[in-house]
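Examining the three-dimensional arrangement
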Amino acid sequence: MIADKMVDFVNNSSAIRAMFEEGKRLAAIYGAENVYDFSLGNPNVPAPFEVEKAIKDILLEEDSTYIHGYMSNSGYEDVRGVVASSLNKRFGTTFTEKNIIMTVGAAGGLNVILKTLLNPEEEVIVFAPYFGEYRSYVGNYNGKLVEISPNTETFQPNLPEFEEKITKKTKAVIVNTPNNPTGVVYSEDTIKKLSAILEKKQQEFGTDIYLISDEPYRELVYNGVEVPYLTKYYNNTIVGYSFSKSLSLPGERIGYLVIPDKVADSKEVLAAANVATRILGFVNAPSLLQRVVAKCINAKCNVEAYNKNRELLYTSLVSYGYQCIKPEGAFYLFVKSPVEEEKIFCEAAKKHNILIVGGSSFGCPGYVRIAYCVGYDTIVKALPGFKALIKEF
């Protein structure tokens, strides 16, 4: 018999992954070219050419024992130094390799830092809509997830409710900007107000509240939009980053945590995160990919391809009668369902071989997420189906 906790996890398994599997089933029936899968944030833009070159160069130039062997839990010192230097150059920070822990993607990093920080029943606040796996990550360590209801006009964080829901048990707050699923970038004004609330509550309760900034989409922004770097606004900020989207490497599972010296008990937090990396079974981030990202730290993915998709899909859907805020980053549209129960809408979409994900998975029912990290032709072919679908409602 499986563990009681796993029963709930299985019963509430990811709707995103379920829809992805449904896409494979439909593709086997109708042909992959006739199925329009907008369910999963799986980048279709190829990795930059620097990535493949780096892999070849490393394998040709380096000793295989050196490439594939163990290193410290935090990762290679020189790789962490490259990451720190890049951040300092871009954001005016003063990190060293000691502030960086290489991780098994953003998900691995989030699990490491939550294991590091959370005691049972301590609270982690998230702003709806949010990446649904946060529920499971917090649950892994017997924490309590506290949701802040969405501001569906702007999808900026609902700060009045946030302030009300912070308690003595609040240990961490997770923010995700550019946001999955809305594509919204939290403004500097929002970040300043959020930080001021956290400072006030820390003083009120005499506790440390950690702000965890989950940033896999930082590089995917449009029209020159600036994404504030949160360590500059709030001392107790920890950053989780992934190269999954910025270098189109989701299956390679490589990212990092930034734990600044200004974080409360930073030495202890860093030491505990190192141990958490090992005892969670990650041991260390993939060795080859650490070397690769160090060589490709300045490489860029083709954001313009995503922007082209964004413009076509957003403009078309709005012209058909869909309601949606235009995303500033990431590669998702978060569209209001024409019926209150969005699952009905998602099921109807499947009749047109269109796969989308209900907003309930993100703590925001009544909406659907459409991932436009697909081929441009896929969008073109899917548009008649989207047009027919909205007419049905």
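What you see as residue numbers is a count from 1 along each chain, following the sequence as written. Only residues with pLDDT of at least 70 get local features here, since the model is predicted, and only at 80 or more are side-chain atom pairs given and counted; chain-wide, interface and lining totals rely on the full set of residues. Each side-chain value is worked out from all heavy atoms of the structure, with water and hydrogens disregarded.

Remarks on the overall build of the protein
Runs of H or I in DSSP of at least four residues are treated as helices and runs of E of at least two as strands, each being numbered from the N terminus. If you tally the helices and strands in the protein, you get 15 helices and 13 strands. Whereas a compact globule of 393 residues would reach a radius of gyration of roughly 21 Å, the protein reaches 21 Å, a difference of no more than 12%. In terms of its C-alpha atoms, the protein occupies a principal-axis envelope of roughly 60 × 55 × 55 Å. Classification of residues uses two cut-offs on accessible area relative to the type maximum, computed with a 1.4 Å probe and protein chains only: under 20% is buried, over 50% is exposed, and between them is partly exposed. Each of the 393 residues in the protein was classed as buried or not, and the buried ones make up 55%. Each accessible area is a Shrake-Rupley result for a 1.4 Å probe, and residues are judged covered by the shown protein chains and nothing else. Carbon and sulfur atoms provide 51% of the accessible area of the protein, an area that totals close to 17200 Å². Side-chain charges of the protein comprise 42 positive and 46 negative groups, with the mean position of each set lying 1 Å from the other. For this measure, only C-alpha atoms enter the radius of gyration; the expected value for a globule follows 2.2 Å times N^0.38, where N is the number of residues. Neither His nor the chain ends is counted toward charge; the positive residues are Lys and Arg and the negative residues Asp and Glu. Where a charge sits is defined by one atom per residue type, namely NZ (Lys), CZ (Arg), CG (Asp) or CD (Glu).

Topic: the packing of aromatic side chains
To pair, rings of Phe, Tyr and Trp, with the six-membered ring standing in for Trp, must have centres within 6.5 Å; the planes then decide the type, stacked if under 30 degrees apart, edge-to-face if over 60, and tilted in the middle. Throughout the structure, instances matching the rule amount to 19 aromatic pairs. Aromatic pair Y241 and F243: ring centres 5.2 Å apart, planes at 80°, arrangement edge-to-face. Neither Y241 nor F243 differs from the other in exposure class; each is buried. Three or more aromatic residues joined by ring pairs make a cluster, and in this case those are F38, Y322, F345, F386 and F393.

Here we look at the pattern of salt bridges
Whenever Lys or Arg places a side-chain nitrogen within 4 Å of a carboxyl oxygen from Asp or Glu, that contact is recorded as a salt bridge. Across all of its chains, the model carries 13 salt bridges by this definition. K193 serves as the salt-bridge partner of D189, at 3.2 Å between the closest nitrogen and oxygen. Taken together, the positions of D189 and K193, both in helix α9 (residues 188-205) and four residues apart, correspond to about one turn of that helix. The partly exposed category is assigned to D189, whose relative accessible area is 45%. Residue K201 pairs with E204 through a salt bridge whose shortest N-O separation is 3.3 Å. Highlighted residues: K201 and E204, both in helix α9, separated by three residues, approximately one helical turn. Through salt bridges with shared partners, a single network forms among R310, E311 and K326.

With respect to the packing of helix α3 (residues 49-61) against helix α12 (residues 287-295)
Every axis corresponds to a line fitted to the C-alpha atoms, with the helix fit spanning only the stretch in contact, and the corresponding angles, defined between N-to-C directions, vary from 0 to 180 degrees. Contact geometry of α3 with α12 gives a least axis separation of 9 Å together with a crossing angle of 120°. Taken together, the axis directions place α3 and α12 in an arrangement best described as oblique. Relative to α12, the crossing made by α3 is right-handed. Contacts between α3 and α12 involve V51, A54, I55, I58, L59 and E61 from the former and L288, R291, V292 and K295 from the latter. Of the residues contributing to the contact of α3 with α12, the split by class is seven nonpolar, no polar and three charged. Throughout this description, any angle smaller than 35 degrees is read as roughly parallel, any larger than 145 degrees as roughly antiparallel, any in the 65 to 115 degree range as roughly perpendicular, and the remainder as oblique. The crossing is said to be left-handed when, going from far helix to near helix, the turn is anticlockwise and less than a right angle, and right-handed when the turn is clockwise. Here, two residues are considered to be in contact whenever any of their heavy atoms come within 4.5 Å of each other. All amino acids are sorted into three groups, where Ala, Val, Leu, Ile, Met, Phe, Trp, Tyr, Cys and Pro are nonpolar, Asp, Glu, Lys and Arg are charged, and the leftover types, Gly among them, are polar.

Notes on the sheet that holds strand β6 (residues 210-214)
Being paired, for any two strands, means DSSP has found at least two bridges between them. Strand order in the open sheet made by the seven strands is β2-β8-β7-β6-β5-β3-β4, with mixed pairing throughout. Where the open sheet ends on each side, the last strands, each with one partner, are β2 (100-103) and β4 (144-148). Averaged over neighbouring strand pairs, the angle between their axes works out to 20° when direction is ignored. Taken together, the four bridges between strand β3 (residues 123-127) and strand β5 (residues 170-176) define a ladder with parallel strand orientation. Residue pairing across strands places V124 opposite A172, the latter belonging to β5. Of the strands in this sheet, β2 and β8 (255-258) are in contact with helix α5 (residues 77-91), which crosses β2 at around 115°.

Points about the packing of helix α13 (residues 303-320) against helix α15 (residues 376-392)
As a packed pair, α13 and α15 sit with axes 10 Å apart at the nearest point and diverge in direction by 15°. Taken together, the axes of α13 and α15 lie roughly parallel to each other. Seen along the crossing, α13 lies across α15 with a hand that is right-handed. On α15, the residues that touch K308, N309, L312, L313, S316, L317 and Y320 of α13 are Y376, I379, V380, L383, F386, K387 and I390. Of the residues belonging to the contact of α13 with α15, the class tally is ten nonpolar, two polar and two charged.

Thoughts on α3
Look at α3: 18 Å from first C-alpha to last across 13 residues, which is about the 18 Å you get at 1.5 Å a residue. Within the sequence span of α3, burial applies to V51, A54 and I58. One face of α3 carries all of its buried residues, which in axial projection span an arc of 60°. Away from the buried face of α3 by more than 90 degrees, exposed residues F49 and L60 are located. Turning to α3, the residues buried within the fold contact α4 (64-68) and α12. To estimate the expected span of a helix, subtract one from its residue number and multiply by 1.5 Å. Regarding the arc, it is the one traced by the directions from the helix axis to the C-beta atoms.

A few points about the pairing of strand β10 (residues 332-336)
Within β10, four of the five residues are buried, which leaves it mostly tucked inside the rest of the structure. One ladder, built from two bridges, connects strand β9 (residues 323-324) with β10; its direction is antiparallel. What sits directly across from Q323, in β10, is K336.

Topic: unusual backbone geometry
Residues A128 and P129 are joined by a peptide bond in cis, for which omega reads -5°. Within the secondary structure layout, P129 lies in the loop between β3 and α7 (133-139). Cis rather than trans, the peptide bond between T177 and P178 has omega equal to -5°. Positive phi values are uncommon outside glycine, yet N142 reaches one of about 60°. Secondary-structure assignment places N142 in the loop between α7 and β4. Even without a glycine there, the phi angle at A330 is positive, about 60°. With respect to the helices, strands and loops of the structure, A330 is situated in the loop between β9 and β10.

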